[in-house]
Amino acid sequence: IAELVALYLTKECFETKIVNDGEEALKQFHIFHPDLILLDLMLPKLDGLQVCQQIREFSDVPIIMLTAKGEDMDKILGLEYGADDYITKPFNILEVKARIKAIMRRTYGPREKKETTSVIVKGDLRLDCDSRRLFIHDKEVNLTAKEFDLLELLVKNENKVYSREDLLGLVWGKDYPGDVRTVDVHVRRLREKIEPNPSEPTYVQTKWGVGYYY
C-alpha cells in the first residue's frame with residue numbers, strides 16, 4: 001500500500017520516501033525533513049501514536065494518520081497525540097491527495113494579507129501569521145498546523161463566539177468527515193500549551209452551551 005501511495009504521489013510531483021517501522025521513521029525524519037507525514041497507526045517497533053508523540057516534541061510538521069482503525073477512540077487518540085488529520089482504510093487515493101493538498105495549502109501556501117501587519121499582539125501573546133509562530137511572554141510556543149489555524153481564527157475575531165460546528169467547518173473544511181469532538185480535542189491541547197492554568201483559561205474561553213472565543 002505504501003509503495004502504491006508513493007507511486008501515485010510521485011506522479012503528482014511530490015517527493016516521497018517510504019519507511020517501514022517507527023524507529024526508522026524517527027531517524028529518517030531528521031535526514032529527510034519532510035513537509036508532511038502520512039503515518040500508519042500499526043507499525044513495528046514503535047507504533048504510529050508513539051512516532052507522532054515523539055515528533056511533536058520538536059516539530060509541528062503536518063501529520064495525517066492513515067490507519068485501518070476507524071473506531072472513534074483511535075481517531076481521538078491520534079488527534080490527542082498531535083495528528084492534524086486522519087484517513088481510515090480502505091481509502092480512495094484521490095481523497096488522500098485532496099487531504100494532503102488542503103493541509104499543504106493551509107500550512108505553506110500563500111496567505112491573503114488582510115491586515116497591514118502579519119503580527120498580532122494581544123497582551124502577552126504575539127502571533128506572527130506569516131511565519132506561523134506564537135510567542136507568549138516572548139517565549140516561543142510550538143503549535144501544530146491545526147492548533148495555529150484555530151488560535152489565529154479566534155485571535156483575529158476577538159470576543160466572537162464560534163460554535164464547535166462553525167470551527168470544524170472553518171478550520172477543517174466543510175468536507176471534513178470528523179465530528180465536533182475534533183474541535184474539543186484541539187482546544188484542550190491548545191490550552192495545555194498556552195494557558196498558565198488550562199482548567200481556568202485566560203486566552204481561549206468557553207461560552208457554555210455555545211462554543212469558544214478569544
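Cut-off values and rules
Residues numbered from 1 in each chain as written. Predicted model: local features only at pLDDT ≥ 70, side-chain atom pairs only at ≥ 80, totals over all residues. Heavy atoms only, no water. Core = buried A, V, L, I, M, F, W, Y, C linked by side-chain atoms within 4.5 Å. Buried < 20%, exposed > 50% of the residue type's maximum accessible area, 1.4 Å probe, protein only. Helix = DSSP H or I, 4+ residues; strand = E, 2+ residues; numbered from the N terminus. Contact = heavy atoms within 4.5 Å. Phe/Tyr/Trp six-rings, centres within 6.5 Å; stacked < 30°, edge-to-face > 60°. Lys NZ or Arg CZ within 6 Å of the ring centre and 35° of its normal.

Q: Describe the nonpolar core, naming the residues involved and giving the relevant values.
A: L127, L134, L151 and I194 are the most contacted members of the largest nonpolar core, which has 47 residues in total. No other element matches helix α6 (residues 145-156), which puts six residues into this core. L9, V96, I100 and I103 belong to the second-largest nonpolar core, a separate cluster that totals nine residues.

Q: Tell me what's going on with the environment of P196, and back it up with residues and numbers.
A: Mapped onto the secondary structure, P196 falls in the loop between α8 (181-194) and β9 (205-207). Of the residues examined, P196 reaches a relative accessible area of 72% and is grouped as exposed. In the structure, P196 is positioned 100 residues away from V96 in sequence and 37 Å away in space, judged by C-alpha atoms. Residues in contact with P196, not counting those within four places in the same chain, are T202 and Y203.

Q: Summarise the packing of aromatic side chains; cite the residues concerned and give the values.
A: Scanning all chains against the criterion turns up two aromatic pairs. Consider the rings of Y203 and Y214, whose centres lie 6.3 Å apart with planes at 15°: the pair is stacked. Taken together, the residues Y203 in the loop between α8 and β9 and Y214 in the segment after β10 (211-213) connect sequence positions 11 residues apart. With relative accessibility at 10%, the residue Y203 sits in the buried group. Given the relative accessible area of 10%, Y214 is considered buried. R126 extends its terminal NZ or CZ atom over the ring of F135, reaching a point 4.3 Å from the ring centre.

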